[in-house]
Amino acid sequence: MSAAAALTKDEATHLDVLIVGAGISGIGSAYHLQDQCPGKTYAVLEMKDTFGGTWDTHKYPGVRSDSDLYTFGYRFKPWVGTPIASADAILTYMREVIDENGIAPHIRYGHRITRASWDSKANLWTVEAHTKDGASHTFTANFLWMCQGYYNHETPYLPEWPGMDRFKGKLIHAQLWDPKIDYAGKKVLVIGSGATAATVVPAFAEKAAHVTMLQRSPTYFFAAPNQNDLADKLRAGGIDEPTIHRVVRAQIMFDQDLLCRRCVEEPEAVVAELQEAIKAYTGPDFQFEPDFTPRYRIWQQRLAFVPDGDMFQAVAAGKASVVTDTIETFTETGVRTASGKEIEADIIVPCTGFYLSVMGEIPFSVDGRAVNWAETLTYRGMMFTGVPNLAHVFGYFRASWTLRVDMLGDFVARLLHHMDELHAQKVEVSPRDEDHNMPHLPWIEEENFNPNYLMRDIDRMPKRGDKPEWRHNQDYWAEKNEFPAIDLDGSEFLYDGARADKKVAEPA
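Because the structure is predicted, anything quoted here is derived from the model rather than measured.

Some thoughts on the overall build of the chain
Tallying secondary structure elements over the chain gives 13 helices and 26 strands in all. Against the 2.2 N^0.38 benchmark of 23 Å for 508 residues, the chain shows a C-alpha radius of gyration of 24 Å, consistent with a compact globule. Seen along its three principal axes, the alpha-carbon backbone of the chain occupies a region of about 80 × 55 × 50 Å. For the chain, with 508 residues in total, the buried portion stands at 55%. Intrachain contacts of the chain at a sequence separation of at least 6 include 71% that bridge at least 24 residues.

Focus on helix H7 (residues 229–236)
Each α-helix winds once per 3.6 residues, and so residues spaced three or four apart point in a common direction. Capping of H7 at its N-terminal end is provided by Asn228; its side-chain oxygen lies 3.1 Å from the backbone amide nitrogen of Leu230. At the exit of H7 stands Gly238, carrying a positive phi of roughly 80°.

Digging into the sheet that holds strand E26 (residues 498–499)
In spatial order, the strands read E24-E25-E26; together these three strands make up an open sheet with antiparallel pairing. In the strand order of this sheet, the two ends are held by strand E24 (427–429) and E26, each with one partner. Both strand E25 (residues 493–495) and E26 contribute to a ladder of two bridges, which runs antiparallel. Residue pairing in the sheet places Tyr495 in a bridge with Ala498 of E26. Sheet strands in contact with helix H11 (residues 402–422) are E24 and E25, and its direction is about 40° off that of E25.

Comments concerning the pattern of salt bridges
One pass over the full model with this rule turns up 30 salt bridges. Here Glu479 and Arg404 are joined by a salt bridge, their closest N and O atoms 2.9 Å apart. With a gap of 75 residues between them, Glu479 in helix H13 (residues 476–482) and Arg404 in helix H11 connect regions that are remote in the sequence. Overall, the relative accessible area of 2% leaves Glu479 in the buried class. With a relative accessible area of 0%, Arg404 lands in the buried category. Between Glu445 and Arg471 there is a salt bridge, with the nearest N and O atoms lying 2.6 Å from each other. Within this pair, whereas Glu445 is found in the loop between E24 and helix H12 (452–457), its partner Arg471 is found in the loop between H12 and H13, the two being separated by 26 residues in sequence. Take Glu445: its relative accessible area is 15%, and that puts it in the buried class.

Brief notes about a negative patch on the surface
Residues Asp433, Asp487, Asp489 and Asp501 make up a contiguous surface patch of negative charge. Mapped onto the elements, Asp433 comes out in the loop between E24 and H12.

Points about the packing of aromatic side chains
Two aromatic rings are characterised by how far apart their centres lie and by the angle between their planes. This model, assessed by the stated rule, comprises 37 aromatic pairs. Between the aromatic rings of Tyr74 and Tyr93, the centroid separation amounts to 6.0 Å while the plane-to-plane angle is 20°, which identifies the pairing as stacked. Note that Tyr74 is positioned in the loop between helix H4 (69–72) and helix H5 (87–100) and Tyr93 in helix H5, a separation of 19 residues in sequence. Residue Tyr74 shares its accessibility class with Tyr93, and that shared class is buried. The ring of Tyr157 has Arg456 sitting right over it, with the charged end atom 3.5 Å from the ring centre.

Parameters at a glance
- Residues numbered from 1 in each chain as written.
- Predicted model: local features only at pLDDT ≥ 70, side-chain atom pairs only at ≥ 80, totals over all residues.
- Heavy atoms only, no water.
- Helix = DSSP H or I, 4+ residues; strand = E, 2+ residues; numbered from the N terminus.
- Rg over C-alpha atoms; globule rule 2.2 N^0.38 Å.
- Buried < 20%, exposed > 50% of the residue type's maximum accessible area, 1.4 Å probe, protein only.
- Contact = heavy atoms within 4.5 Å.
- Polar contact = N/O pair within 3.5 Å; in protein donor to acceptor, adjacent residues only side chain to side chain.
- Pairing = 2+ DSSP bridges.
- Axes fitted to C-alpha atoms, helices over the stretch in contact; angles between N-to-C directions.
- Salt bridge = Lys/Arg side-chain N within 4 Å of Asp/Glu carboxyl O.
- Patch = residues over 30% accessible without salt bridge, like charges linked within 9 Å, V, L, I, M, F, W, Y side chains within 5 Å.
- Areas by Shrake-Rupley, 256 points an atom, 1.4 Å probe, with all protein chains shown as cover.
- Lys, Arg positive; Asp, Glu negative; His and termini not counted.
- Charge placed at Lys NZ, Arg CZ, Asp CG, Glu CD.
- Phe/Tyr/Trp six-rings, centres within 6.5 Å; stacked < 30°, edge-to-face > 60°.
- Lys NZ or Arg CZ within 6 Å of the ring centre and 35° of its normal.

Interpretation in functional terms is not warranted from these geometric data alone.
Encoded structure:
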């Protein structure tokens, strides 16, 4: 039995690797660590009382993925089911990963991290966490693997609209939705037009008297059947699930790459195709002006998938309607828009997004100096200048988040093995000689990707450079080839304070 497999919750609190977060990133990272580095001890610290992260936080009606599960699922565990899956199905899948791989004994639930500090003399991270009983727990680790996600789970973004206190009905942000709320026969107003709104509108429409989606500006949607024809054909032919998973993932990623390139090279043609796909569910006379004609270039924001065109079916059937306008004020019975339209509602559900959470809002320090992440430079969106022995999982916006979980799992395992080969206790990244005059720019280019939640807090994010090594390019199709080829002896890596092209001294 490996050292990792033998570790239990009651044993010593010093770990080779400490993983932060038991969501989709943390569970995947734990698998890769124990699979590729079986001699490493590790623990997973999770703030919540259960695993799942996002998929446990969100309780709103119809909560589901907006990425297909053949690529959102891990590469090492086949997905069997519909491509767009419910939160419950995703949690079941994650539970199977935990159980099948003996990950559960390594997870410490209910641990809220209050401090993380690096000591260069000891080459150790010290992490303090509090539990609900008020107890303080201290862990030390050689390496810190941040998998805590990128948004604030507890405080959603809610604009301060005039007159909110006048509304006599129920006002609740989608992120804080209580499943006990009865909306049957009620008039529901959904504020927003992103993936969450596209999810709750058809779900509410099943029982509500009527649903209105009030949007400031339209979103691009991709409507298609919630099935994968290739997977169905392979299953009918008796092909085993691991092979189906591998082949279907490859096909989907090929198709997504083609779509991304076409969105740049022929956006008008892609938009026309998206509209035709919607008409397959609504009929040929469906009107896209003004409520379904976005102002931004396609793929500057995430393309929301609508399985079986359910939101558009609800609109076409008259169960839901869309208003494109801004809010002038809340009233006792709903809202009044800037154009003077009165929208009555019993329940108002803002789907207005979230606040970014940079490194879980955990106070970090290195040798007694507080870390300001906005002053660091990112190395490929996963390591940061001035912060040793730390990797951060930040997935993709245009492809499934989890693709980068698998990719970083390979990278971190390879890095840890390389450190062992060099007998190095410390690794960090630093600009090379050729990078000395490189500009430090916002984390991502606004023309590349510009959702409101990111633009609101981009000044808090690490900086990027103008060279491939010093930016998170959000391009899975490039990174899937670049990551395995990263030269761990490149001069951007420092081991025990020395450039990688300088031999690390053997221990005496």
